[in-house]
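Chain residues, written in single-letter form:
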Amino acid sequence: YKAARDAALANGSDFHVAALLWRRNKLIRISVNDQKSSRSFWRYYSNTPSGQDKICTSCHAEMHALQFAQPGDTLEVLRWRKDQTVAMAKPCQFCQRAIRRLGLNVWYTDAKGHWKKMTS
């Protein structure tokens, strides 16, 4: 996980997340959060605290990895704080919907750094 941690901590974002895509026990892809994305990854939020709709244009690590995923693959999602301790990495509602459509097995780290299985 060192390569994933190093890439996530160097991503230039406030959130240091990596998604590791596995197929038949072989690592296929390491993806990290990115500030650049195509319109297909934009997320729309309504009823925000400010009362205005918001568009989020960054691309989550999970979405990057899903471009290479196939049904039955496993996705591991990890997040690190700046001090390199592991943090909560549960995929957001938008990523969860995309993950479910593909039928992936997903594991993520909780706030204590323990692995949790995402359930439907």
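In this convention, every chain numbers its residues from 1, walking through the sequence in written order. Given that this is a predicted model, residues contribute local features only at a pLDDT of at least 70 and side-chain atom pairs are listed and counted only at 80 or more, while totals for whole chains, interfaces and linings are drawn from all residues. Side-chain measures here rest on the full set of heavy atoms in the structure, leaving out hydrogens and waters.

> Give me the nonpolar core: which residues, what numbers.
Definition of nonpolar core: a set of buried residues of the types Ala, Val, Leu, Ile, Met, Phe, Trp, Tyr and Cys, connected through side-chain atoms within 4.5 Å. For every residue, the accessible area (1.4 Å probe, protein chains only) is compared with the maximum for its type, and the residue is labelled buried under 20%, exposed over 50%, or partly exposed between those bounds. Met63, Leu66, Leu75, Val77, Ile99, Leu104 and Val106 are the most contacted members of the largest nonpolar core, which has 19 residues in total. Comment: elements are numbered from the N terminus, with helices defined as DSSP H or I runs of at least four residues and strands as E runs of at least two. Elements supplying a minimum of two residues to this core: strand E1 (16-23), helix H2 (61-66), strand E5 (74-80), helix H3 (93-102) and strand E7 (105-109). The element best represented in this core is H2, accounting for 4 residues. If sequence neighbours within four positions are ignored, Leu104 has contacts with Leu66, Ala69, Gln70, Pro71, Gly72, Asp73 and Ile99. Membership of the second largest hydrophobic core comes to 6 residues, among which are Ala8, Ala18, Leu20 and Trp80. We call two residues contacting when some pair of their heavy atoms lies within 4.5 Å.

> Please set out the packing of aromatic side chains residue by residue, giving values where relevant.
Each Phe, Tyr or Trp ring (for Trp, its six-membered ring) is paired with any other whose centre lies within 6.5 Å, and the angle between the two planes then decides the class: stacked below 30 degrees, edge-to-face above 60, tilted in between. On inspection of all chains with the given rule, the structure shows 1 aromatic pair. Ring plane angle 45° and centroid distance 6.1 Å describe the contact between Tyr1 and Trp115, whose orientation is recorded as tilted. Here Tyr1 is found in the segment before helix H1 (2-9), whereas its partner Trp115 is found in strand E8 (residues 115-117), with 114 residues between them in sequence.

> Talk me through the pattern of salt bridges; I want residue IDs and the actual numbers.
The salt bridge definition used is simple: a Lys or Arg side-chain nitrogen within 4 Å of an Asp or Glu carboxyl oxygen. If you walk through the whole model with that rule in mind, you get 4 salt bridges. Of the charged contacts in the structure, one is a salt bridge between Lys2 and Asp6, with a shortest N-O distance of 2.7 Å. Taken together, the positions of Lys2 and Asp6, both in helix H1 and 4 residues apart, correspond to about one turn of that helix. On the basis of relative accessibility, which here comes to 33%, the residue Asp6 falls in the partly exposed class. With a shortest N-O distance of 3.2 Å, Arg5 and Asp6 are connected by a salt bridge.

> Give a detailed account of the environment of Lys82, specifying residues and quantitative values.
Considering the arrangement of structural elements, one finds Lys82 in the loop between E5 and strand E6 (86-87). Judged by its relative accessible area of 69%, Lys82 falls in the exposed class. Sequence separation between Lys82 and His16 is 66 residues, and the spatial gap between their C-alpha atoms is 7.9 Å. Not counting residues up to four positions away in its chain, the partners in contact with Lys82 are Leu9 and His16.

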